[in-house]
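Given next are the chains, with one letter for each unit.
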Amino acid sequence: MFGNRISKAYVSRRDLLRSTFPYGHQFLLDLEERSAPVVWLSTGKNAHVYWEDGFLLQIRFVGIGEANTGIRLSPGHTGNLVEGTENRCGLLFPEEIDELIQQHDGYLYRWASRVDDGSFELRHPAPGKFFRDLQARIERVPVRERAERLAATLAEEFKDEEPAQAAPSTAAPSLTTPPASGERPAIARPRASVRVKALRPSDTNRLLTFEHLVDAYFDWARADDEERKAELAHRLAAMESLFLCRLPRPGQMRGPKSSDRAQVIALAWRCVDLENSLRSPFVKPPRSPKTSMITELWEDHSLALGTPIEALRRSCRETFMSSLLCLFPGVEETIVAEVDVESAMS
């Protein structure tokens, strides 16, 4: 009943993002092809995103064909919702999406902005990791709401029903009204209490791809806190075991460092170090008057310096991915489930 309904008009507009907003384009593809089965799209020129019978958000295209192409995440919908569904956009708007943008410094780096109607606009260079985290929230946030709804429904249904208790009887059984022939006397039995199995986030069976494995490497290398780094190392090792690859950590490579394989591994980690060290000086627009010195500097140099830095960060990541593919051909075709990672970690 609830399955993707993809129009040709939507596909044409989506594919225009391929060169101008590649991470946004990949996000839309992943929603359609690699999301949990409970997530589905209904599209015209834009896309309505549903979680089973609940409408979550509308994705609209902004500036299609222009250099600064983007997408808008909106709590409103165009036209009627699919029959049998209801509006549950409040699960994501505005708190969940706003919190996620702040976690990834979207306002700071100015690839995200809020619109007066409660929507959020996302533009290049919004990072791929943000979109993968956004997809995870689309898959997981409704799980909690569904569990709460089921619990409330069952609580309402059983609130007036108490387990019947067999009252102890001291009187002798009556011999004047024996049970009819062939019948057994009725015995009051306590009713078993109803237990509802709690839903877990992993019940959505979130799918993890090669991109998530790359995220795990960068997250581990970026972590400063020892406890957090140990936790990420444990998760990374679990993912490596499922993707059937293991990239030796810096300093763990055995054998001659001049070998071809050793040089590829060294290149991969140099790219990680460089990407983690890059930070644009133009991250938060000044609030000074337009005639101030800082504003003039910002207008003259923020685009010329900030954009190349973001391009370099993306190139570092792409080189790292290519290095992994050289060492482990075919790993990009592997897809695992989040629940499998959790099992491997336990």
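Cut-off values and rules
- Residues numbered from 1 in each chain as written.
- Predicted model: local features only at pLDDT ≥ 70, side-chain atom pairs only at ≥ 80, totals over all residues.
- Heavy atoms only, no water.
- Pairing = 2+ DSSP bridges.
- Helix = DSSP H or I, 4+ residues; strand = E, 2+ residues; numbered from the N terminus.
- pLDDT = per-residue confidence, 0-100.
- Contact = heavy atoms within 4.5 Å.
- Axes fitted to C-alpha atoms, helices over the stretch in contact; angles between N-to-C directions.
- Parallel < 35°, antiparallel > 145°, perpendicular 65-115°, else oblique.
- Left-handed = near helix turned anticlockwise from the far one by under 90°.
- Nonpolar A, V, L, I, M, F, W, Y, C, P; charged D, E, K, R; others polar.
- Core = buried A, V, L, I, M, F, W, Y, C linked by side-chain atoms within 4.5 Å.
- Buried < 20%, exposed > 50% of the residue type's maximum accessible area, 1.4 Å probe, protein only.
- Phe/Tyr/Trp six-rings, centres within 6.5 Å; stacked < 30°, edge-to-face > 60°.
- Polar contact = N/O pair within 3.5 Å; in protein donor to acceptor, adjacent residues only side chain to side chain.

Novice: So, the pairing of strand S7 (residues 120-123): which residues are in play, and what are the values?
Specialist: Of the strand pairs in this sheet, strand S4 (residues 70-74) and S7 are connected by four bridges, and their pairing is antiparallel. The residue bridging Gly-70 from the neighbouring strand is Arg-123, located in S7. Summarising the sheet, strand S6 (residues 112-114) and S7 pair through three bridges and their orientation is antiparallel. Residue pairing in the sheet places Ser-113 in a bridge with Glu-121 of S7. In this structure, the hairpin formed by S6 and S7 is closed by a connection of five residues, where Gly-118 is found at a positive phi of approximately 90°.

Novice: An account of unusual backbone geometry is needed here, citing residue identities and associated values.
Specialist: Following Phe-93, the chain continues to Pro-94 via a peptide bond in cis, the omega torsion being -10°. The residue Pro-94 is located in the loop between strand S5 (86-87) and helix H4 (95-103) in this model. With omega at 10°, the peptide bond leading from His-124 into Pro-125 counts as cis. In this structure, Pro-125 sits in the loop between S7 and helix H5 (128-158).

Novice: Any details on the confidence of the model for the chain? Residues and values, ideally.
Specialist: With 85% of its residues at a pLDDT of at least 70, the chain reaches an overall mean of 84. Least confident of the elements in the chain is strand S8 (residues 207-208), whose mean pLDDT is 82; most confident is strand S2 (residues 47-51), at 96. Taken as a whole, residues 171-177 scores under 50 in pLDDT and shows zero contacts with residues more than four places along the chain or in a different chain. Long-range and interchain partners of residues 187-194, a stretch whose pLDDT sits below 50, account for seven contacts in this model, where long-range means more than four residues apart.

Novice: Give a detailed account of the packing of helix H8 (residues 260-277) against helix H9 (residues 293-327), specifying residues and quantitative values.
Specialist: Between H8 and H9, the shortest axis-to-axis distance is 9 Å and the interhelical angle comes to 155°. When the axis of H8 is compared with that of H9, the two are roughly antiparallel. H8 and H9 meet at a crossing whose hand is left-handed. Contacts between H8 and H9 involve Arg-261, Val-264, Ile-265, Leu-267, Ala-268, Cys-271, Val-272, Leu-274 and Glu-275 from the former and Arg-313, Cys-316, Thr-319, Phe-320, Ser-323 and Leu-327 from the latter. Of the residues contributing to the contact of H8 with H9, the split by class is 10 nonpolar, two polar and three charged.

Novice: Break down the nonpolar core for me, citing the residues and quoting the values.
Specialist: In this structure, Ile-59, Ile-71, Phe-131 and Ile-138 are the most contacted members of the largest nonpolar core, which totals 43 residues. If you list the elements that add at least two residues to this core, you get helix H3 (22-33), strand S1 (39-43), S2, strand S3 (54-62), S4, H4, S7 and H5. Sorting elements by how many residues they give to this core places H5 first, with six residues. Contact partners of Ile-71, with chain neighbours within four places excluded, come to Leu-17, Phe-21, Phe-27, Ile-59, Arg-60, Phe-61, Val-62, Phe-120, Glu-121, Leu-122 and Phe-131. One finds Phe-210, Leu-236, Val-331 and Val-341 within the second-largest nonpolar core, a separate group that totals 29 residues.

Novice: Tell me about the pairing of S2, and please be specific about residues and values.
Specialist: Across the five residues of S2, five count as buried, placing the element largely inside the fold. Here S2 shows a buried face lined by Ala-47, Val-49 and Trp-51 and a second buried face lined by His-48 and Tyr-50. Relative to S2, S1 runs antiparallel, the two being bridged by five bridges. Each residue of the ladder has a partner; that of Trp-40, found in S2, is Tyr-50. Counted between consecutive antiparallel strands, the loop separating S1 from S2 contains three residues. Pairing of S2 with S3 involves five bridges; the strand directions are antiparallel. When the bridges of S3 are listed, Tyr-50 appears paired with Phe-55. Following S2, the chain reverses through two residues before pairing antiparallel with S3; Glu-52 in that reversal takes a positive phi of roughly 50°.

Novice: So what's going on with the packing of aromatic side chains? Residues and values would help.
Specialist: According to the stated counting rule, one finds 14 aromatic pairs in the structure shown. With 5.9 Å between their ring centres and 50° between their planes, Tyr-10 and Phe-61 make a pair best called tilted. With a gap of 51 residues between them, Tyr-10 in helix H1 (residues 8-15) and Phe-61 in strand S3 connect regions that are remote in the sequence. In this structure Tyr-10 comes out as buried when scored by relative accessible area, which is 0%. On the basis of relative accessible area, Phe-61 is assigned to the buried category, the value being 10%.

Novice: Provide a residue-level description of the environment of Thr-69, including the pertinent values.
Specialist: Tracing the backbone shows Thr-69 in the loop between S3 and S4. With residues up to four places along the chain from it excluded, the contact list for Thr-69 reads Leu-17, Thr-20, Phe-21, Val-62, Gly-63, Ile-64, Arg-123 and His-124. Separated by 3.3 Å, the side chains of Thr-69 and Thr-20 make a polar contact. A distance of 3.1 Å separates a polar side-chain atom of Thr-69 from the backbone oxygen of Gly-63.

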